[in-house]
Amino acid sequence: QVQLVESGGELVQPGGSLRLSCAASGSIFSIAVMGWYRQAPGKQRELVATIANEGTINYADSVKGRFTISRDNAKNTAYLQMNSLKPEDPAVYYCNVLAKSTSWTLPSNYWGQGTQVTVSP
C-alpha cells in the first residue's frame, strides 16, 4: 500500500502563490506518474498536472504558464507551484500517483486526502 500526504493548501489573495507538496510513503517499488487533480464544489474532479518518472509533464490548459509541477524522486515527493492564482482556482487539490509496490505487481492508482486551496481578497 502507498500512502499520500498533501500539504500547503491555504487561503491566498488573487494573484498570490502557493506551493503544494505530496509525500508518498509505504510499500513503494516505483512511481511511474505523480499528479495533481482538483475538485471544486459541484464540479467533477479534473486534471491539473502530471509528471512522469522520465520527466514528461502535462498541464491542463487552464493552468499552463501559471502552475509548475515537479518531483523529487529520492523523496517520493511531488510539488505544485501555483502562481498568479485566480478566483477560478479554488478547490480541493488531490495528489495522485501511479505506483508499484513490488517489481512483480501491476501499477495501482493512489489518492491523497486532499488539501483545500482558497482564493479570496
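Note: the structure precedes this text.
Here's what I pulled together on the structure shown here. (Residues numbered from 1 in each chain as written. Predicted model: local features only at pLDDT ≥ 70, side-chain atom pairs only at ≥ 80, totals over all residues. Heavy atoms only, no water.)

Focus: the environment of A60
Along the chain, A60 turns up in the loop between β6 (57-59) and β7 (67-72). Expressed as a C-alpha distance, the spacing of A60 and F29, which sit 31 residues apart in the sequence, is 28 Å. Among all residues touching A60, those that are not within four sequence positions of it are L47 and V48. (Helix = DSSP H or I, 4+ residues; strand = E, 2+ residues; numbered from the N terminus. Contact = heavy atoms within 4.5 Å.)

Focus: the sheet that holds strand β1 (residues 2-7)
If you walk across this open sheet you meet the four strands as β1-β3-β8-β7, and the pairing is antiparallel. Only two strands of the sheet have a single partner each, and these edge strands are β1 and β7. Across the sheet, the mean angle separating the axes of adjacent strands is 15° when strand polarity is ignored. With six bridges connecting them, β7 and strand β8 (residues 77-82) associate as antiparallel partners. The residue bridging T68 from the neighbouring strand is Q81, located in β8. (Pairing = 2+ DSSP bridges. Axes fitted to C-alpha atoms, helices over the stretch in contact; angles between N-to-C directions.)

With respect to the nonpolar core
Generally speaking, a soluble globular protein has its nonpolar side chains buried in company with each other. Ranked by size, the top nonpolar core spans 30 residues in total, and within it W36, L80, M82, Y93 and V97 carry the most contacts. Breaking this core down by element, the ones donating at least two residues are β1, β3 (18-26), β4 (30-39), β5 (46-52), β7, β8, β9 (91-100) and β11 (115-119). Among the elements that line this core, the one with the most residues is β9, at five residues. Residue contacts for L80: discarding those within four places in its chain leaves L18, R19, L20, W36, V48, A49, F67, T68, I69 and Y93. (Core = buried A, V, L, I, M, F, W, Y, C linked by side-chain atoms within 4.5 Å. Buried < 20%, exposed > 50% of the residue type's maximum accessible area, 1.4 Å probe, protein only.)

Regarding the pattern of salt bridges
This structure, assessed with the given rule, holds four salt bridges. Here R38 and E46 are joined by a salt bridge, their closest N and O atoms 2.7 Å apart. The exposure class of R38 is buried, given its relative accessible area of 5%. For E46, a relative accessible area of 37% gives the class partly exposed. Its salt-bridge partner being D89, residue R66 comes within 2.7 Å of it at the nearest N-O pair. Taken as a pair, R66 in the loop between β6 and β7 and D89 in the loop between β8 and β9 lie far apart in primary sequence, 23 residues in all. Because the salt bridges share partners, they merge into one network encompassing R38, E46, R66 and D89. (Salt bridge = Lys/Arg side-chain N within 4 Å of Asp/Glu carboxyl O.)

Overview of the pairing of β1
Alternating positions in β1 separate cleanly, V2, L4 and E6 being buried on one face and Q3, V5 and S7 remaining unburied on the opposite face. In terms of strand pairing, β1 meets β3 through six bridges, oriented antiparallel. Bridged to E6 within β3 is C22.

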